[in-house]
Amino acid sequence: MIMAVNIATVFAGLTGVVLVLMGARAMWAPQAATGFGIPDTPTDDPAFRAWLMVKAVRDMACGALILVVVADEASHLLGWFMLIATGVPVGDALIVLRSKGSKAAVWGIHGATALLMLVIAVLLLIG
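All chains use their own residue numbering, which begins from 1 and follows the written sequence. Note on the predicted model: pLDDT of at least 70 is required for a residue's local features to be given, and 80 or more for side-chain atom pairs to be given and counted; whole-chain, interface and lining totals, by contrast, use all residues. Calculation of side-chain values draws on the structure's entire complement of heavy atoms; hydrogens and water are dropped beforehand.

A. Representation of the layout of surface pockets. Both cavities and pockets are sets of points on a 1 Å grid over the protein atoms alone; in a cavity a 1.4 Å probe fits but cannot get out, in a pocket the set is open with protein on both sides within 12 Å along at least five of seven lines, and lining residues sit with an atom within 4 Å of a point. Grid points are joined across faces, edges and corners, and a volume is the space filled by probe spheres set on the points. By volume, the largest pocket is sized at about 1100 Å³. If you trace the largest pocket, you find 39 residues lining it, with Met22, Phe36, Lys55, Asp59 and Asp92 closest to the centre. Secondary structure is summarised from DSSP: a helix means a run of H or I of at least four residues, a strand means a run of E of at least two, and numbering begins at the N terminus for each. Elements that contribute at least two residues to the lining of the largest pocket include exactly α1 (2-28), α2 (46-71), α3 (75-85), α4 (87-98) and α5 (103-126). For the lining of the largest pocket, the element with the highest residue contribution is α2, accounting for eleven residues. In this classification, Asp, Glu, Lys and Arg are treated as charged, Ala, Val, Leu, Ile, Met, Phe, Trp, Tyr, Cys and Pro as nonpolar, and every other residue, Gly included, as polar. Residues belonging to the lining of the largest pocket are distributed by class as follows: 29 nonpolar, five polar and five charged.

See below:
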């Protein structure tokens, strides 16, 4: 079981790094938001770009928080955090679905992310 916890911790750390990088990318290349799955994303609109900055800061903060908990080696706490944070990609999937976005984005990006985070959480919590 220790190996499963170690693997889950590595994947949680990678999730944290990816979140920080996604947030940074959204700040410096807002046109990347079109890959989120919502059709007709107005990345040239200054007001929309401001909202992207809000999301970017939150992505980076959540990623950094994951990395702090990973560094503290608090696997049980990390498991609870990942379980609760699984709601974010589930919510993202529902938003894209409601916006009549790409099913590939709903399931391939957001759904797969939620599943990965759920598996990480379960492994950490039972380990």
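B. Representation of unusual backbone geometry. Phi is positive for Glu73, close to 60 degrees, though the residue is something other than glycine. When you line up the elements, Glu73 lands in the loop between α2 and α3. For Lys100, which is not a glycine, the phi torsion comes out positive at approximately 60 degrees. Here Lys100 is to be found in the loop between α4 and α5. Residue classification places Lys100 among the exposed positions, given a relative accessible area of 71%. In this scheme, a residue with accessible area under 20% of its type's maximum is buried, one over 50% is exposed, and one in between is partly exposed, where area comes from a 1.4 Å probe on protein chains only.

C. Spatial organisation of the packing of α1 against α5. Every axis corresponds to a line fitted to the C-alpha atoms, with the helix fit spanning only the stretch in contact, and the corresponding angles, defined between N-to-C directions, vary from 0 to 180 degrees. With their axes 9 Å apart at the nearest point, α1 and α5 run at an angle of 140 degrees to one another. Taken as axis vectors, α1 and α5 run oblique relative to one another. For the pair α1 and α5, the crossing hand works out as left-handed. Seen from α1, the contacting residues are Ala4, Val5, Ala8, Thr9, Phe11, Ala12 and Thr15; seen from α5, they are Leu116, Ile120, Leu123 and Leu124. For the contact of α1 with α5, the residue count by class is nine nonpolar, two polar and no charged. Should an angle fall under 35 degrees it is called roughly parallel, over 145 degrees roughly antiparallel, and 65 to 115 degrees roughly perpendicular, with every other angle called oblique. Helix crossings are classified by the rotation of the near helix relative to the far one: an anticlockwise turn of less than a right angle makes the crossing left-handed, while a clockwise turn makes it right-handed. Any pair of residues with heavy atoms lying within 4.5 Å of one another is described as a contacting pair.

D. Region of the structure containing the nonpolar core. Put simply, a nonpolar core is a bunch of buried Ala, Val, Leu, Ile, Met, Phe, Trp, Tyr and Cys residues held in one set by side-chain atoms that sit within 4.5 Å of each other. Ranked by internal contacts, the top residues of the largest apolar core, which has 14 residues, are Ala12, Ile66, Leu78, Met82, Ile120 and Leu124. Elements with a minimum of two residues in this core: α1, α2, α3 and α5. Once you skip the residues sitting within four places of it in the chain, Ile66 turns out to touch Ala12, Thr15, Gly16, Leu19, Leu78, Phe81 and Met82.

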